[in-house]
Structure formats: C-alpha cells, structure tokens
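Structural overview
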Amino acid sequence: MKMVSLESLIQALSPFGRVRERRQQRRIYEPRLELNIEGHAYSTQDWSLGGFRLAYFHRRPAAYEVIAGRILDVRSIRGGEFSAEVVRLEDSGEIGCRLLDITAATLMSMANLKSH
C-alpha cells in the first residue's frame, strides 16, 4: 500500500490548505486503535488524527525515535501501515507518538469516524 505524509494529506483535505495545531484535534477514547508494532499487540489509550498514546511499550524507546507498525481493522477503521515519532515518555512506560506517515485509506477511515 502507498504511504503518504500525514501533513500533506491533511493539507490536501483541509478547506483552508493548512494543518491545524495538534492540540486542537479531539482525542478519541472509543473505539481504541488496535496496533501491531515490532510483533507486539497494543490497544491505544486514546488517539487523534495526529497521534496516539499507549499505556505501555515492550521496551524503552528513545525520545524522538521513529517506530513503524500497522493499525488493524477495527469497526469502520481500515487497517494500514504507519510510522510515528515517540514524543512522550513516562516512567510508567506510557508513550505518546506523533504520526508521521500513514496509509491514506486508514487515515480517511479514522477521519470519517471522528466526524460522527
């Protein structure tokens, strides 16, 4: 599947031709995204079109490390590949990630879910 830059896709879809600040994106708690990263399964604590938060990670990633994985099909969310940058690390093991690239169909299904 073809991967696209999250920023370029949001810009193309935005009626104003610019990306919103990440803080303005509403967090979604249900349905949780189901992810597979480095052979490990995760359910997100919350997510938005800009990123996601995990309660734990199987190892301690470096700050700003890029991780790659797959979003699995859940309800009306179409699965696809993604890459994300680790932007938050907690002592508890929780991490926050900013999406860098994502399969276009996956992002569109996430955006459609958020609009309802």
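Owing to the predicted nature of the structure, the values given are computational and were not obtained by experimental measurement.

The next subject is the pairing of strand S2 (residues 34-37). Burial of the side chains of S2 is restricted to one face: Leu-35 and Ile-37 are buried, whereas none of Glu-34 and Asn-36 on the reverse face is. As defined by bridge partners, S2 adjoins strand S3 (residues 40-43) across four bridges and the pair is classed as antiparallel. For Glu-34, the partnering residue across the bridge sits in S3 and is Ser-43. Bridge count for S2 against strand S6 (residues 66-71) is three bridges, and the pairing is antiparallel. Residue Asn-36 lies in a different strand from S6, and its bridge partner there is Arg-70.

Here S6 shows a clear split, with Ile-67, Gly-69 and Ile-71 buried on one side and none of Val-66, Ala-68 and Arg-70 buried on the other. As paired strands, S6 and strand S7 (residues 80-89) are joined by six bridges and run antiparallel to one another. Along S7, the bridge assignment pairs Ala-68 with Ser-83.

Summarising the element assignment, Glu-85 is placed in strand S7. Only 2.6 Å separates the side chain of Glu-85 from the side chain of Arg-98, close enough to count as a polar contact. In this structure, Glu-85 is in contact with Tyr-64, Glu-65, Val-66, Gly-96, Cys-97, Arg-98 and Leu-100, ignoring residues within four places of it in sequence.

Before going further, it helps to spend a moment on the environment of Arg-75. Looking at where Arg-75 falls in the secondary structure, it is placed in the loop between S6 and S7. Separated by 38 residues in sequence, Arg-75 and Leu-113 place their C-alpha atoms 9.6 Å apart. With sequence-adjacent residues up to four places away left out, Arg-75 is seen in contact with Glu-30 and Pro-31.

For the rest of this paragraph, the subject is the confidence of the model for the protein. Overall, the prediction assigns the protein a mean pLDDT of 86, with 77% of residues at 70 or greater. Scored below 50 in pLDDT, residues 15-23 makes six contacts in the model with residues more than four places away or belonging to other chains.

Core analysis: the biggest nonpolar cluster contains 22 residues, and Leu-35, Ile-37, Phe-52, Leu-54, Ile-71, Phe-82 and Met-110 have the highest contact counts within it. Those elements giving two or more residues to this core turn out to be S2, strand S5 (51-54), S6, S7, strand S8 (95-103) and helix H2 (104-114). A per-element tally of this core places S8 first, with four residues. If near-sequence neighbours (up to four positions away) are discounted, Ile-71 is found in contact with Leu-33, Glu-34, Leu-35, Ile-77, Gly-79, Gly-80, Phe-82, Ile-102, Thr-106 and Met-110.

Rules behind the numbers
Each chain carries its own residue numbering, running from 1 in the written order of its sequence. A pLDDT threshold of at least 70 governs which residues receive local features in this predicted model, and a stricter bar of 80 or more applies before side-chain atom pairs are shown or counted, although totals over entire chains, interfaces and linings include all residues. No hydrogens and no water enter the side-chain calculation; it runs on all heavy atoms of the structure. Under the scheme applied here, a residue whose accessible area is under 20% of the maximum for its type counts as buried, over 50% as exposed, and between as partly exposed, the area being computed with a 1.4 Å probe on protein chains only. Each helix is a run of H or I in the DSSP string that is no shorter than four residues. Each strand is a run of E no shorter than two, and both are numbered from the N terminus. Note: two strands are recorded as paired if DSSP finds a minimum of 2 bridges between them. Polar contact criterion, stated in full: a pair of N or O atoms within 3.5 Å, where within protein one must be able to donate a hydrogen and the other to accept it, and residues adjacent in sequence count only if both atoms are side-chain atoms. Contact between two residues is taken to exist if any of their heavy atoms lie within 4.5 Å; hydrogens are not considered. The pLDDT score gives, residue by residue, the confidence of the prediction method on a 0 to 100 scale. Among the buried residues, those of types Ala, Val, Leu, Ile, Met, Phe, Trp, Tyr and Cys that are joined through side-chain atoms within 4.5 Å form a nonpolar core.

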